[in-house]
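Commentary on secondary and tertiary structure
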Amino acid sequence: MDEYGRFVDWDKMDVNAQSQDMKELTCTDFHELKQLARQGYWAKNHSLRAKVYHKLISNIPCRTVTPDANVYRDIVVKIVGKRSSSSLPLPEFVDNSLVPTYCLNAEGVGAVRKIILCIANQFPDISFCPALPSVIALLLHYSKDEAECFEQVCRILACNDPSRRLIDQTFLAFESSCMTFGDLVNKYCQAAHKLMVAVSEDVLEVYSDWQRWLFGELPMAYVARVFDVFLVEGYKVLYRVALALLKFFHKVRAGQPLESDSIQQDIRAFVRDIAKSVSPERLLEKAFAIRLFSRKEIQLLQMANEKALQQKGITVKQKSLLNYCFSMCCVVFLRQNVHLAVHAENFKSEIVSVKEMRDIWSWIPERFALCQPLLLFTTLEHGCSLSRFYSHSEGHEPTLLLIKTTAKEVCGAYLSTDWSERRRGGNKLSFFGTGECFVFRLQPEVERYEWVIIKHPELATTGSETENHAPPSSSTLSSSSIPSDPSDRLSPFLAARHFNLPSKTASMFMAGSSECIIVGGGDGQALYLDADLNHGRTSHCNTFNNQPLCSESFQISVLEVWGFRD
């Protein structure tokens, strides 16, 4: 059909959707190019898309020595020999991934394996890259020959721009991306996340499929549209589309019984058959409607997750489950099942059951789900002293606060920052913490309140207490700053735009002094505890349609602080 159709089975391609009017792409402005990619400007013409891909990939900054088409022509015969393409073994780093055929003809299907083997020869540093077969298969549709496709894939793999992430090539990068996706689901797809927790024993085992949804299960027409935007905007697009897929899955399948014994299989089947319910345009529209964290903030979260994995010694995928029994500290290659993180035989709380603690564990950031709960402080053992509360809690980051009232209400908070940060404010009531903090209620019913913010600092001022220890107003609040090295801060989300606050009050999440503790909650929730740890109050904003954490004024029966043990 055209010079880029050598490997295409045109009977499988939706030729009717292809425009015969050849358009040109002359713009170089990034923002204009981004809009054209999202609108599908080159999606309707096969040759135009091929030329745009070539142009975009040619502009990727690469290592000085990057294999090109001539290298492929030199090595392919030596590596492949006389073996049949269909019988060529795949390298271990593709991890038994699907090798999608999309709309390739027989020659194209065989070419995928040949190119993979040649890339393995030229990139010995690649240790884990399950997305590679799909990327090669897709680009073959828009390549004149195998050598050209090889060169384009090599340029993507050899990108040396530190701010531009394209394809994961190590298990550490891949696994941290799965953890990061889990964190994003937890924040942006809470209804879907709740479903995953309810029907799956291991949440991240489900989320570890996220790249397979895109590079394996998604039909050709969809993955090509995603790739159009990916080449312009980068890795963040993949998170957006995967989140949109999960949102659509929950919307379409909510309330329906599982079609298989595994939620993983159900999601894969949904993505394979997505054309029955969602068009490519609607999928991208949904993806870009998500107000996602900035690229920099996602990069910080990715760094934090990589650091957590490295500290656990989890940098390569284990080849055998037998290794799991050999060493718990270095064999966990997915997020620990919450049943493993919260051991029934080792866990004892006077406030929550094992099941309730596992529910809380499903909410916390992925990098800390690798840890086990460690009781730091309880009023039953350490007494109702705020100074003892601080002395037992300081030095631990993050912590989990649990409260049971005399009315049998149970609430709490996940607190991202060490309580010692309160000293930065001197004698002032110092606000600190990050956007990963949240408050929650377990009894009488479960509710998690996202985006923790102090919205009502006047909460702590009642009657005669106003003169003694009234929290400062918004204009005089002391907000501690983050360390200069972002990699040391495991809770990176501090952007005010995510919390609808001016920058001066962007870090108001938790506060402490010798006289009180305040924990802010999203959706208008805030919690105030007196110095004797016997009494507390809550604030609830009536502009939000939700229930308060607990009674407006309450007596504390038991209070516990939990840390996270490696």
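Just above, that's the structure.
Residues numbered from 1 in each chain as written. Predicted model: local features only at pLDDT ≥ 70, side-chain atom pairs only at ≥ 80, totals over all residues. Heavy atoms only, no water.

**As for the overall build of the protein**
Of regular secondary structure, the protein possesses 22 helices and 12 strands. The 566 residues of the protein split such that 59% are buried. Across the protein, every contact between residues at least 6 apart in sequence was considered, and the portion connecting residues at least 24 apart equals 74%. Looking at the protein as shown, the accessible area adds up to about 23700 Å², and 49% of this sits on carbon and sulfur atoms. (Helix = DSSP H or I, 4+ residues; strand = E, 2+ residues; numbered from the N terminus. Buried < 20%, exposed > 50% of the residue type's maximum accessible area, 1.4 Å probe, protein only. Contact = heavy atoms within 4.5 Å. Areas by Shrake-Rupley, 256 points an atom, 1.4 Å probe, with all protein chains shown as cover.)

**Thoughts on helix H8 (residues 190-199)**
Of the residues making up H8, those classed as buried are Ala-192, His-193 and Met-196. Buried residues of H8, seen end-on, are gathered within an arc of 100° and therefore sit on one face of the element. For H8, the exposed residues set more than 90 degrees away from the buried face come down to Lys-194 and Ala-198. Where H8 is buried, its residues meet helix H7 (171-188), helix H9 (203-207), helix H12 (236-253) and helix H13 (263-272). (Arc of directions from axis to C-beta.)

**Regarding helix H15 (residues 295-311)**
The α-helix advances 3.6 residues per turn, and as a result positions three or four apart in sequence lie on the same side. Its 17 residues give H15 an end-to-end C-alpha distance of 24 Å, which sits within 8% of 24 Å, the value for a rise of 1.5 Å per residue. Residues of H15 that are buried: Glu-297, Ile-298, Leu-300, Leu-301, Gln-302, Ala-304, Asn-305, Ala-308 and Leu-309. Close packing links the buried residues of H15 with H7 and H12. (Expected span 1.5 Å × (residues − 1).)

**Digging into the packing of helix H11 (residues 220-233) against H12**
As a packed pair, H11 and H12 sit with axes 8 Å apart at the nearest point and diverge in direction by 145°. Contact residues: Val-226, Val-229, Phe-230 and Glu-233 in H11; Val-237, Leu-238 and Val-241 in H12. Taken together, the residues of the contact of H11 with H12 sort by class into six nonpolar, no polar and one charged. (Axes fitted to C-alpha atoms, helices over the stretch in contact; angles between N-to-C directions. Nonpolar A, V, L, I, M, F, W, Y, C, P; charged D, E, K, R; others polar.)

**Description of the nonpolar core**
The tendency in soluble globular proteins is for nonpolar side chains to be buried as a group. In terms of nonpolar packing, the biggest core is built from 122 residues, with Trp-42, Ile-119, Ile-136, Ile-156, Trp-210 and Phe-227 touching the most fellow members. Element by element, the count of residues in this core is highest for H12, at 11 residues. Split by domain, this core shows at least three residues from each of two domains, domain 1 (1-169) and domain 2 (171-217 + 228-341). Ignoring anything within four residues of it in the chain, the contact list for Ile-119 reads Ile-126, Leu-132, Ile-136, Phe-150, Val-153, Cys-154 and Leu-157. By size, the runner-up hydrophobic cluster in this structure holds 28 residues, among which are Leu-376, Phe-389, Tyr-449 and Phe-509. (Core = buried A, V, L, I, M, F, W, Y, C linked by side-chain atoms within 4.5 Å. Domains from an automatic or database assignment.)

**Some thoughts on the pairing of strand S2 (residues 399-405)**
Regular strands have side chains that alternate between both faces of the sheet. The buried fraction of S2 amounts to six of the seven residues, a majority that puts the element mostly inside the structure. Sheet analysis places S2 next to strand S3 (residues 410-415), joined by six bridges and oriented antiparallel. Each residue of the ladder has a partner; that of Lys-404, found in S3, is Val-410. Between S2 and the antiparallel strand that follows it, S3, lie four residues; Lys-408 among them carries a positive phi value of about 70°. In terms of strand pairing, S2 meets strand S12 (residues 553-565) through six bridges, oriented antiparallel. Pairing of Leu-400 across the sheet is with Trp-562, part of S12. (Pairing = 2+ DSSP bridges.)

**Topic: the packing of aromatic side chains**
Applying the stated criterion to the full structure yields 27 aromatic pairs. For the ring pair Trp-361 and Phe-564, a centre distance of 4.9 Å and an interplane angle of 25° mean the geometry is stacked. You can see Trp-361 sitting in helix H19 (residues 354-361) and its partner Phe-564 sitting in strand S12, a full 203 residues away along the chain. Phe-564 carries the same exposure label as Trp-361, and that label is buried. Taken together, Trp-361, Trp-363, Phe-368, Tyr-414, Phe-438, Phe-440 and Phe-564 form an aromatic cluster joined through their ring pairs. Arg-422 extends its terminal NZ or CZ atom over the ring of Tyr-390, reaching a point 3.5 Å from the ring centre. For Arg-448, the ring lying beneath its charged end belongs to Phe-438, and the centroid distance is 4.4 Å. (Phe/Tyr/Trp six-rings, centres within 6.5 Å; stacked < 30°, edge-to-face > 60°. Lys NZ or Arg CZ within 6 Å of the ring centre and 35° of its normal.)

**Things to note about the environment of Ile-136**
Within the secondary structure, Ile-136 sits in helix H5 (residues 132-140). Assessed through its relative accessible area of 0%, Ile-136 is described here as buried. For Ile-136 and Arg-113, which are 23 residues apart along the polypeptide, the C-alpha to C-alpha distance reads 9.1 Å. When near neighbours in sequence (up to four residues on either side) are disregarded, Ile-136 contacts Val-112, Ile-115, Ile-116, Ile-119, Cys-149 and Val-153.

**Some points on unusual backbone geometry**
What is expected of a backbone is that most residues other than glycine have negative phi and most peptide bonds are trans. A cis amide bond links Glu-397 to the next residue, Pro-398, at an omega of 0°. One can find Pro-398 in the loop between helix H21 (386-393) and S2. Geometrically, the link from Gln-443 to Pro-444 is a cis peptide bond, its omega value of 15° lying close to zero. Checked against the element boundaries, Pro-444 lands in the loop between strand S5 (438-443) and strand S6 (447-449). Residues other than glycine seldom take positive phi values, yet Tyr-102 does so here, at roughly 45°. In the Ramachandran plot, Leu-533 falls in the positive-phi region, its phi being about 55° despite a non-glycine side chain. Following the sequence through the fold, Leu-533 ends up in the loop between strand S10 (525-530) and strand S11 (535-540).

**Quick look at the pattern of salt bridges**
Scanning all chains against the criterion turns up 22 salt bridges. Glu-3 serves as the salt-bridge partner of Lys-144, at 3.5 Å between the closest nitrogen and oxygen. One end of the pair, Lys-144, is in the loop between H5 and helix H6 (146-157); the other, Glu-3, is in the segment before helix H1 (30-39), with 141 residues separating them in the sequence. Judged by its relative accessible area of 36%, Lys-144 falls in the partly exposed class. Linked by salt bridges that have partners in common, Arg-49, Arg-225, Asp-228 and Glu-281 make up one network. (Salt bridge = Lys/Arg side-chain N within 4 Å of Asp/Glu carboxyl O.)

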